[in-house]
Amino acid sequence: MHLSSVKDKTATAHRADIAALNYKMDSEPSFLRTLFSLILVSSLLDSVLSEVDACPDTKTGLESLLPSTMSIQNASIESVYGIMFDAGSTGTRIHIYSFTQKYSDQLPELEREIFESVKPGLSAYADLPEQGAETIRGLLEVAKNAVPSSHWRKTPVVLKATAGLRLLPEKKALALLSEVKDILEESPFLVPDNSVSIMNGTYEGILAWITVNFLTGQLYSQSKQTVGILDLGGASTQITFLPQSEETLEQSPLDFITSFKMFHTTYKLYTHSYLGLGLKAARLATLGALGTGAVDKQVFRSSCLPRNMESMWQFGGVSYRYGGIENGESGFKSCYAEVLRVVAGKLHRVDEMKESTFYAFSYYYDRAADTNLIDYDTGGILEVRDFERKAIEVTSGCARLFYFLFVITWKALLPVAHSSAWTSVTSLPY
Ligand SMILES: O=c1ccn([C@@H]2O[C@H](COP(=O)(O)OP(=O)(O)O)[C@@H](O)[C@H]2O)c(=O)[nH]1
Ligand SMILES: [Ca+2]
């Protein structure tokens, strides 16, 4: 099969590149670590950044993600450091990087990365912004231990929040960001302007695409056979790929197409972030609980759960009681119909995706590993129909609680890319 050789090649290239970049994966496998590495590495590489130029009609510029104070001028023969926070909907993570630059005409090399995370994410503290910001203080202590005190004042610290904060009312999100900024400013590190902000979904998709294609070698290979990305977060999901067909460019909504220039090449990408269709937010929507806030006595019921099951679940700082429909429907068919109602009218599909290779990560990866579709350490290569088969399998048993919804969510969200007859999804751990 034509696709399998492409898949094998990209998987091998990916691992080789990871090794070449000397990423140290010393705790849980984490793809986004490389994503944020790239943001930071890019920010240190003025030469790259000066060429990155977003299409004017998107009203965005990749470079605005990166503080202007973070530039190659910071680099010297000794190590330079950078601190990046990924404030996701399910947790906040800190990445502390050190780079060395041996010769002034060479790019800095990533020397080391230290990673730490806390749960829940900032959005769980929507009504307690000060308490939320305290979680950042704890992570900054890790940074203080990792960065020599002589470097604190010149080490930039940046926090980018994603869909959890995008879903909050603006006032609450801003209150959280303002408390976080205060905590950063109390720290001994360098806090550039705009260092604390919500990253928009278009950037999130583009950056993940750049990262994957950078790591798989596609950005600097002659063939430029790029791969698409599918990122299933807790509160939003991103799809990004480089369309090959004019039809895709013509038939997609205008705001799904973004151009930018990088390494002397202009890329016109298809990218979209579905806010509210991350794994956990989509599950809440399926239960009919999204946006209902704390409801003490109400039990949210779904045919996606075993009939006599009842339990509690927390997301975004709110506790929900949920359960199956006693004496009602339960099982794959009715559950699938429920999930389809949640995504009805929201998904944009593109025909050419049937022929494309995607790298799927975050919850696509986690749940595929949890259900033994892929190996937890090495990842694997899947087709969408594998997710469907697994969904049917786990929903035919009656006690698999959460998997029920997880798997169904995959089935509902993957058609964002295409129909079930489709192609390959490559899941890799990093
Ligand atoms: O460094 C990280 C951080 C998160 N994740 C994955 O991202 C998902 C959680 O999404 P997140 O909390 O970032 O939600 P978002 O804000 O992106 O919707 C889970 O599968 C995590 O394993 C990851 O792979 N690496
Ligand atoms: Ca994320």
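In this text the structure is predicted, and so the values were computed from the model without any measurement.

Right, let's talk about the overall build of the protein for a bit. Helices and strands together make up the secondary structure of the protein, namely 13 helices and 16 strands. Split into buried and exposed, the 430 residues of the protein put 58% on the buried side. For the protein, long-range pairs separated by at least 24 residues make up 70% of all intrachain contacts whose partners lie at least 6 apart in sequence. As displayed, the protein offers around 18,600 Å² of accessible surface, 50% of which is attributable to carbon and sulfur atoms.

Okay, the environment of Thr226 next. Looking at the element boundaries, Thr226 is found in the loop between α7 (201-215) and β7 (228-232). Relative accessible area serves as the criterion here: at 18%, Thr226 is assigned to the buried category. The spatial distance from the C-alpha of Thr226 to the C-alpha of Trp209 is 8.9 Å, given a sequence separation of 17 residues. Apart from the residues within four sequence positions on either side, Thr226 is in contact with Trp209, Asn213, Gln218 and Leu242.

A word on the sheet that holds strand β11 (residues 299-301). Read from one edge to the other, the open sheet built from three strands follows the order β11-β13-β12, with strand pairing classed as mixed. On the outer flanks of this sheet lie β11 and β12 (310-315), each paired with one strand and no other. With direction set aside, neighbouring strand axes in the sheet form an average angle of 40°. Pairing of β11 with strand β13 (residues 318-323) involves three bridges; the strand directions are parallel. Across the sheet, Arg301 pairs through a bridge with Gly323, a residue of β13. Lying on the sheet, helix α9 (residues 279-286) is in contact with β12 and β13; it crosses β12 at an angle near 135°.

What follows covers α9. Within α9, seven of the eight residues are buried, leaving the element largely enclosed by the surrounding structure. If you check which residues of α9 are buried, you get Leu279, Lys280, Ala281, Ala282, Arg283, Leu284 and Thr286. Backbone geometry just after α9 places Gly288 at a positive phi near 75°.

A word on the confidence of the model for the protein. Caution applies to low-pLDDT parts of the model: their predicted coordinates are not meant to be read in detail. On average, residues of the protein score 73 in pLDDT, and 70% of them are at 70 or above. Here residues 41-76 scores under 50 on pLDDT; set against residues more than four positions off or in separate chains, the count is 68 contacts. Counted against residues more than four places away or in other chains, residues 398-430, with its pLDDT under 50, gives 150 contacts. For this predicted complex, the interface confidence comes out at an ipTM of 0.99, alongside a pTM of 0.81.

This next bit is on the UniProt feature "active site" (unreviewed entry) in the protein. Sites flagged by UniProt as "active site" (unreviewed entry) map to Glu204. Position of Glu204 relative to the elements: it lies in helix α7. Filtering out sequence-adjacent residues up to four positions away, Glu204 remains in contact with Thr162, Arg166, Met199, Asp231, Ser236 and Gln238. Among the polar contacts listed, one links the side chain of Glu204 to the side chain of Arg166, at a separation of 2.5 Å.

Criteria and thresholds
- Residues numbered from 1 in each chain as written.
- Chains lettered and ligands numbered in written order.
- Predicted model: local features only at pLDDT ≥ 70, side-chain atom pairs only at ≥ 80, totals over all residues.
- Heavy atoms only, no water.
- Helix = DSSP H or I, 4+ residues; strand = E, 2+ residues; numbered from the N terminus.
- Buried < 20%, exposed > 50% of the residue type's maximum accessible area, 1.4 Å probe, protein only.
- Contact = heavy atoms within 4.5 Å.
- Areas by Shrake-Rupley, 256 points an atom, 1.4 Å probe, with all protein chains shown as cover.
- Pairing = 2+ DSSP bridges.
- Axes fitted to C-alpha atoms, helices over the stretch in contact; angles between N-to-C directions.
- pLDDT = per-residue confidence, 0-100.
- UniProt positions renumbered as here; feature names shortened; annotations may be inferred.
- Polar contact = N/O pair within 3.5 Å; in protein donor to acceptor, adjacent residues only side chain to side chain.

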